[in-house]
2 protein chains.
Amino acid sequence: MITADIKTTFIQIVGAENYDDSKAGRLVYSYDATPQFQSMPDAVIAPRNTKEVSEIVKVCNEHKIPIVPRGSGTNLCAGTCPTEGGLVLLFKHMNQILEVDEENLTVTLQPGVITLDMINTIEAKGLFYPPDPSSMKISTIGGNINENSGGLRGLKYGVTRDYVIGLEIVLANGDIIRTGGKLAKDVAGYDLTRLFVGSEGTLGIITEAILKLVPMPETKKTILALYQDIEAAARSVSKIIANKIIPTTLEFLDQPTLQVVEDFAKIGLPTNVQAVLLIEQDGPEEVVDRDIKKIAEICTAEQAVSVQVAQSEEHAMALRTARRSALSALARLKPTTILEDATVPRSEIAKMVRAINEIAEKYDVKICTFGHAGDGNLHPTCPTDSRNHDEIERVEKAFAEIFETAIELGGTITGEHGVGMMKAPYLELKLGQEGIAAMKAIKNSFDPNNIMNPGKVFAKDSRKRVVVTR
Amino acid sequence: MITADIKTTFIQIVGAENYDDSKAGRLVYSYDATPQFQSMPDAVIAPRNTKEVSEIVKVCNEHKIPIVPRGSGTNLCAGTCPTEGGLVLLFKHMNQILEVDEENLTVTLQPGVITLDMINTIEAKGLFYPPDPSSMKISTIGGNINENSGGLRGLKYGVTRDYVIGLEIVLANGDIIRTGGKLAKDVAGYDLTRLFVGSEGTLGIITEAILKLVPMPETKKTILALYQDIEAAARSVSKIIANKIIPTTLEFLDQPTLQVVEDFAKIGLPTNVQAVLLIEQDGPEEVVDRDIKKIAEICTAEQAVSVQVAQSEEHAMALRTARRSALSALARLKPTTILEDATVPRSEIAKMVRAINEIAEKYDVKICTFGHAGDGNLHPTCPTDSRNHDEIERVEKAFAEIFETAIELGGTITGEHGVGMMKAPYLELKLGQEGIAAMKAIKNSFDPNNIMNPGKVFAKDSRKRVVVTR
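Residues numbered from 1 in each chain as written. Chains lettered and ligands numbered in written order. Predicted model: local features only at pLDDT ≥ 70, side-chain atom pairs only at ≥ 80, totals over all residues. Heavy atoms only, no water.

An unreviewed UniProt entry lists chain A under the name Glycolate oxidase subunit GlcD, with Bacillus songklensis as the source organism.

Structure, rendered in structure tokens:
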């Protein structure tokens, strides 16, 4: 609990204008982009620098006050919902790009920088930051790092973790540590950098980051392949990789998703086919041309009913934008949209899509599936209504079965959205009790008072999402 | 201490033929490739499977017996020297490639597999595993993972950590956990996979691994550029990257190294120049040709006195082999060879090489420098004689100053060789007390009895290498 004395201390640290415990102020930060989770923080605080973060953390640690670091709250795992009250910590003052180093190909920045602002800055210098979460227009780099965000280019380029090479972190005891650096190689002790990427704010607060950049690919091309048979689409994915081609993007949309995306984006997508693959390759022109030609041949050989190369960058951009809008488009259907993140080895995509459709039918719920086929990272999405308790109950059961199926196929419960509060009850499916015990041991060693984003990653008990709604 | 009863238990677990506490048997495993470190283990044990590893670990944990997992002992940080006695654990029975999955581009294998054997197996299928530590003919995959081995291709392709996507691990309490999987994306909890890569056997014992593979590049070409001026060579490195070309390999050798390598390999390397860059590019033929042409232009513009493209794969291979033989060649000069691993941001290479030469002069020791210029990962190497205590004292001081300089330049004390026992006293330079405390907290949480490769990574006190020699 934040007493009057503690409040005075916080205000002394950040100034009165950066501490808000009004009801209206708190309400704004009582939820994030995840449906069905809401909980009031005790206050919202916006430190101006790392030293202030450290001072805030020391006070919280002494008085066991939870801290929830928050970027733009676009995560889909209730990762920034202040489920146990305490402080929501904002980075609105810590939002500077500190340096673009063209010799070492790095960018150094504060956590509050909007992802797309950073991308625009470095692309102006001919550099490229591959991770492209669909939320990148709004999301912050700090949020991306804490959630280890993925995106459409993961197949060829990897995810956020693969581009974070140095961090400044405030630990629960207030210590400020720096990990890594502008270094291609560094084995001085344990890899704290990667441990913190994706740790969802539960181990410490990231206050600065060094990201690795790569040269901008010379060119890119986009193909749209249409199928009347989901298996044929999945076979095309496998064949492309087996032919030693790694496209930048290899996206899948099923017919229901296609329909709502077209209704939303109106760019002339076909809606009378069972599945679409949206494939992009980038690189030197000769290579892109050669790969695109080969990919088109493979799709045709695998019974695509149409294979179309985007004839202009505008057309390609429209296709990409349509794909990125899938969640927004699906969200228009019903009051509540639950988007999931089950991930399987690439070879199991067809089995997984089939299983999702069977499970949806079994529980009589609508599930649209799209996602990163090349990564095996699917987003089965359910338009539903949280007020319909009977349906929500069935939705829960369907998703639980989807997670179990993903694990049976050698997959995981979340490919890029994180565990947060939402998927904590399912984590044991993937890790077993021993794996969770190992992770909890790390959590306890860094944060013995459990002040860092408590209630996330680790479930208190096996309660499911429907039960935690308030 | 291993009592008669405990010995009986170990023999019950692995069979008498897999337990050796003879003096001769122990002597063989009392040292590794690191000069100046030797210490007798109490016994050597070779489990046949993960279950046996778990049983051994449980016994060790109960009786606080140190365990040192060991591959081929090629590490250069005294990482496998049993400095506190106990068991040396060998993987000679756990040396199978379990699966090459051509659809998901993965190989699943046991830790005892020799790196080059795995590489030969997957290359026969047109697949590519980029990490190429110079020891790969002898080293094991388990050793590579524990040390996070680098190699010549790190600039373009990254290091071992970037290719390990799943692990089976036996923890200090005997628990067997599995992390990751054949998954391009997985954010289910903390990234234990990357935490264990490079943890030097101090957190648990890796008993199986899944490695990510990539398609084999179509072709590669090699350039040798000669310089009379080290600064010009360093400028060429920066200019190549600034021109948005990321070569596979960008190696640097100074004149003294060049001389001994040529004396050793006799392939006609020039020995009358101050520095050499050995540059390799791989990829599609058009791109390789274009990049190599551009690289040659840059080197020429930066005052290279000669720029020569290898005219055949045999010639290129001879150059690569010569580079890889640098340590062996240098080792012929004097009874003791101390090879170091200071690493700086790429932009600081020239400053670092200059500093190394000044430091060598200051302490009147011979230091030859070669390494991965594109990574900023240098290997200053000192041919010396451990019996000459006065000189060794000066060598120690010189290397301490080299580490300090690397840190001042934004670098690290080890880029790819690990901390082990050898560099533990210097770790604080890079991490500060707070960083070491954070890492120790992880160590304690996983291994409260400190049985997992004790004495490595964390220094007991600030004693330096000369003092620990016995």
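Participant: Before we move on, can you summarise the packing of aromatic side chains with the specific residues and values?
Facilitator: Counting across every chain of the model gives twelve aromatic pairs over all chains. Measuring from ring centre to ring centre gives 5.9 Å for Phe10 of chain A and Tyr19 of chain A, while their planes differ by 25°; the resulting arrangement is stacked. Here Phe10 of chain A matches Tyr19 of chain A in class, with each residue buried. Considering the side-chain rings of Phe196 of chain B and Phe446 of chain B, the 5.5 Å spacing of their centres and the 90° angle between planes classify their relative orientation as edge-to-face. Remark: Phe446 of chain B occurs in helix α15 (residues 427-446) and Phe196 of chain B occurs in helix α7 (residues 192-196); sequence separation between them is 250 residues. Take Phe196 of chain B and Phe446 of chain B: they sit in the same class, and that class is buried. (Phe/Tyr/Trp six-rings, centres within 6.5 Å; stacked < 30°, edge-to-face > 60°. Buried < 20%, exposed > 50% of the residue type's maximum accessible area, 1.4 Å probe, protein only. Helix = DSSP H or I, 4+ residues; strand = E, 2+ residues; numbered from the N terminus.)

Participant: Pulling in residues and values, what's your account of the UniProt feature "domain: FAD-binding PCMH-type" (unreviewed entry) in chain A?
Facilitator: In this structure's numbering, the residues bearing the UniProt feature "domain: FAD-binding PCMH-type" (unreviewed entry) are residues 37-216 of chain A. For residues 37-216 of chain A, helix accounts for 22% and strand for 26%, while the C-alpha atoms at its two ends are 39 Å apart. (UniProt positions renumbered as here; feature names shortened; annotations may be inferred.)

Participant: Describe the sheet that holds strand β18 (residues 377-384) of chain A, listing the residues and the values that go with them.
Facilitator: All names here are of chain A. Taken together, seven strands build an open sheet; the order of strands is β15-β12-β14-β13-β17-β18-β16 and the sheet is antiparallel. For this open sheet the edge positions go to β15 (306-309) and β16 (336-339), each flanked by a neighbour on one side alone. Direction aside, neighbouring strands of the sheet carry axes that sit 15° apart on average. Sheet analysis places strand β17 (residues 368-372) next to β18, joined by five bridges and oriented antiparallel. Paired with Phe370 across the two strands is His379, which belongs to β18. Packing of helix α8 (residues 230-242) onto the sheet brings it into contact with β12 (219-227), β13 (249-254) and β14 (275-283), and relative to β14 it is tilted by some 20°. Strand contacts of helix α10 (residues 285-301): β12, β14 and β15, with the helix running at about 5° to β12, the strand carrying the most contacts. (Pairing = 2+ DSSP bridges. Axes fitted to C-alpha atoms, helices over the stretch in contact; angles between N-to-C directions. Contact = heavy atoms within 4.5 Å.)

Participant: Please provide a residue-by-residue account of the relation of the copies chain B and chain A, values included.
Facilitator: Overlaying chain B with chain A gives an RMSD of 0.0 Å, the required rotation being 180° about an axis along which the chain moves by 0.0 Å. A rotation of that kind, with that shift, is consistent with a two-fold axis. In this assembly, 100% of the residues forming the interface of chain B have copies in chain A that are likewise at the interface, indicating an isologous arrangement. (Least-squares fit on C-alpha atoms with pLDDT ≥ 70 in both.)

Participant: A description of the interface of chain B and chain A should follow, citing residues and the corresponding values.
Facilitator: Counting from both sides, the interface comprises 79 residues of chain B and, opposite them, 79 residues of chain A. Summed over both partners, the interface of chain B with chain A buries about 6,200 Å², with 60% contributed by carbon and sulfur atoms. The largest share of the area that chain B buries against chain A comes from Lys185, Val187 and Tyr190 of chain B, three residues that together contribute 17% of it. On inspection of chain B and its partner chain A, the count reaches ten salt bridges. (Buried area = accessible area lost by both parts, 1.4 Å probe. Salt bridge = Lys/Arg side-chain N within 4 Å of Asp/Glu carboxyl O.)

Participant: Outline the domain arrangement of chain A, listing residues and values.
Facilitator: Accessible area lost during the coming together of the parts is what is often quoted as the interface size. In terms of domain boundaries, chain A breaks down into domain 1 (4-90), domain 2 (97-215) and domain 3 (219-328). Averaged C-alpha coordinates put domain 1 of chain A and domain 3 of chain A at centres separated by 42 Å. (Domains from an automatic or database assignment.)

Participant: Would you mind going over the pattern of salt bridges in detail, with residue names and values included?
Facilitator: Going through the model one piece at a time under the given rule, you end up with 67 salt bridges over all chains. Among the ionic pairs, Asp375 of chain A bridges to Lys185 of chain B, the shortest N-O distance being 2.8 Å. Of the two residues, Asp375 of chain A sits in the loop between β17 and β18 while Lys185 of chain B sits in the loop between β9 (176-180) and α7, which places them in two different chains. Exposure class is identical for Asp375 of chain A and Lys185 of chain B. Each is buried. Notably, a salt bridge pairs Asp390 of chain B with Arg394 of chain B, separated by 3.0 Å at the nearest N-O pair.

Participant: So what about the nonpolar core? Which residues, and what values?
Facilitator: Counting 192 residues, the largest nonpolar core has Met118, Leu211 and Phe446 of chain A together with Met118, Leu211 and Phe446 of chain B as its most contacted members. Apart from the residues within four sequence positions on either side, Leu211 of chain B is in contact with Leu105, Thr106, Val107, Leu109, Met118, Tyr129, Ile141, Ile145, Tyr163, Val164 and Ile165 of chain B. (Core = buried A, V, L, I, M, F, W, Y, C linked by side-chain atoms within 4.5 Å.)

Participant: Give me the lowdown on the packing of helix α15 (residues 427-446) of chain A against α15 of chain B, citing residues and values where you can.
Facilitator: The N-to-C vectors of α15 of chain A and α15 of chain B enclose an angle of 140°; their axes lie 9 Å apart at closest approach. Regarding the angle of α15 of chain A to α15 of chain B, the classification is oblique. Of the two elements, α15 of chain A crosses α15 of chain B, and the hand of that crossing is right-handed. Residue-level inspection shows Ala438, Ala441, Ile442, Ser445 and Phe446 of chain A of α15 of chain A in contact with α15 of chain B, the latter providing Ala438, Ala441, Ile442, Ser445 and Phe446 of chain B. When its residues are assigned to classes, the contact of α15 of chain A with α15 of chain B shows eight nonpolar, two polar and no charged. (Parallel < 35°, antiparallel > 145°, perpendicular 65-115°, else oblique. Left-handed = near helix turned anticlockwise from the far one by under 90°. Nonpolar A, V, L, I, M, F, W, Y, C, P; charged D, E, K, R; others polar.)

Participant: Could you give me a rundown of the pairing of strand β10 (residues 204-212) of chain A, with the residues and numbers involved?
Facilitator: All names here are of chain A. Burial within β10 is extensive, with eight of its nine residues counted as buried. With four bridges connecting them, strand β6 (residues 106-109) and β10 associate as antiparallel partners. Within the sheet, the bridge partner assigned to Leu109 lies in β10 and is Ala209. Both strand β8 (residues 164-171) and β10 contribute to a ladder of seven bridges, which runs antiparallel. Opposite Gly166, over in β10, you have Ile210 as the bridge partner.

Participant: So what's going on with the sheet that holds strand β5 (residues 97-101) of chain B? Residues and values would help.
Facilitator: Think of a sheet as strands paired side by side through backbone hydrogen bonds, with each pair either parallel or antiparallel. All names here are of chain B. Taken in spatial order, the five strands line up as β5-β6-β10-β8-β9 in an open sheet, and their pairing is antiparallel. Of all strands in the sheet, those with a lone pairing partner are β5 and β9, marking the two edges. For this sheet, the mean angle separating the axes of adjacent strands, direction not counted, is 15°. Contacting β8 (164-171), β9 and β10 (204-212), helix α3 (residues 50-63) crosses the sheet at an angle of about 45° to β8.

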